[in-house]
Amino acid sequence: PAPSAVLVSMVVIRVIFIPCILSYAKGHLHWLLPSDPLNLSIILVYGLMSFSGGICAMLLSQKAQSLCDHDHRIPCPIVSQITWIAIQLGGLIGVSFSCMKIL
């Protein structure tokens, strides 16, 4: 299982991306907008968020498996179900936020 420091650092890095995305969406990054006509910077940020989200889900699932003293070869069904629900709920909330107007 991954050490707790790795999990905490991954979550903190993901939290730092949120203000960057909001400031980009509000148009506060005036220095970036003219130099990035294809929006590659925000695509890169979303890609990093997606990649780190998968890593966080995997590491948190492994940590939860080890906390309930379950064998890692056969996953604990309760941890697997909670992880699946969390992934689906995160996707639903993410899609619903994309429909909101940013103030």
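Before any of the text, the structure's been laid out above.
About the criteria used
- Residues numbered from 1 in each chain as written.
- Predicted model: local features only at pLDDT ≥ 70, side-chain atom pairs only at ≥ 80, totals over all residues.
- Heavy atoms only, no water.
- Helix = DSSP H or I, 4+ residues; strand = E, 2+ residues; numbered from the N terminus.
- Buried < 20%, exposed > 50% of the residue type's maximum accessible area, 1.4 Å probe, protein only.
- Patch = residues over 30% accessible without salt bridge, like charges linked within 9 Å, V, L, I, M, F, W, Y side chains within 5 Å.
- Areas by Shrake-Rupley, 256 points an atom, 1.4 Å probe, with all protein chains shown as cover.
- Salt bridge = Lys/Arg side-chain N within 4 Å of Asp/Glu carboxyl O.
- Contact = heavy atoms within 4.5 Å.
- Axes fitted to C-alpha atoms, helices over the stretch in contact; angles between N-to-C directions.
- Parallel < 35°, antiparallel > 145°, perpendicular 65-115°, else oblique.
- Left-handed = near helix turned anticlockwise from the far one by under 90°.

### Looking at the overall build of the protein chain
So, point 1. From N to C terminus, the protein chain includes three helices and zero strands.
So, point 2. When the elements of the protein chain are put in sequence order from the N terminus, they spell out α-α-α.
So, point 3. With respect to the three principal axes, the spread of C-alpha positions in the protein chain is 55 × 25 × 20 Å.
So, point 4. Taken over 103 residues, the protein chain has a buried fraction of 20%.

### Topic: a nonpolar patch on the surface
So, point 1. A contiguous nonpolar surface patch, about 530 Å² in accessible area, is contributed by Leu89, Leu92, Ile93, Phe97 and Met100.
So, point 2. Looking at the element boundaries, Leu92 is found in helix H3 (residues 77–98).
So, point 3. Taking relative accessible area as the criterion, Leu92 reaches 58% and is therefore assigned exposed.

### Some remarks on the side chain of Ser61
So, point 1. Along the chain, the position of Ser61 falls in helix H2 (residues 40–67).
So, point 2. In contact with Ser61, other than residues within four places in its own chain, are Val79 and Thr83.

### So, the side chain of Ser52
So, point 1. Mapped onto the fold, Ser52 is located in helix H2.
So, point 2. The residues touching Ser52, leaving out its near neighbours within four places in the chain, are Met10 and Arg14.

### Notes on the environment of Ala86
So, point 1. With respect to the helices, strands and loops of the structure, Ala86 is situated in helix H3.
So, point 2. Taking the relative accessible area as the measure of exposure, Ala86 reaches 47% and is therefore partly exposed.
So, point 3. It is 8.9 Å that separates the C-alpha atoms of Ala86 and Ala57, two residues lying 29 residues apart in sequence.

### Remarks on the packing of H2 against H3
So, point 1. In the contact formed by H2 and H3, the axes pass within 10 Å of each other and the chain directions differ by 155 degrees. By the angle class used here, H2 and H3 are roughly antiparallel. Pair H2 / H3 crosses with right-handed handedness. Residues Ser61, Ala64 and Gln65 of H2 pack against Val79, Ser80 and Thr83 of H3.

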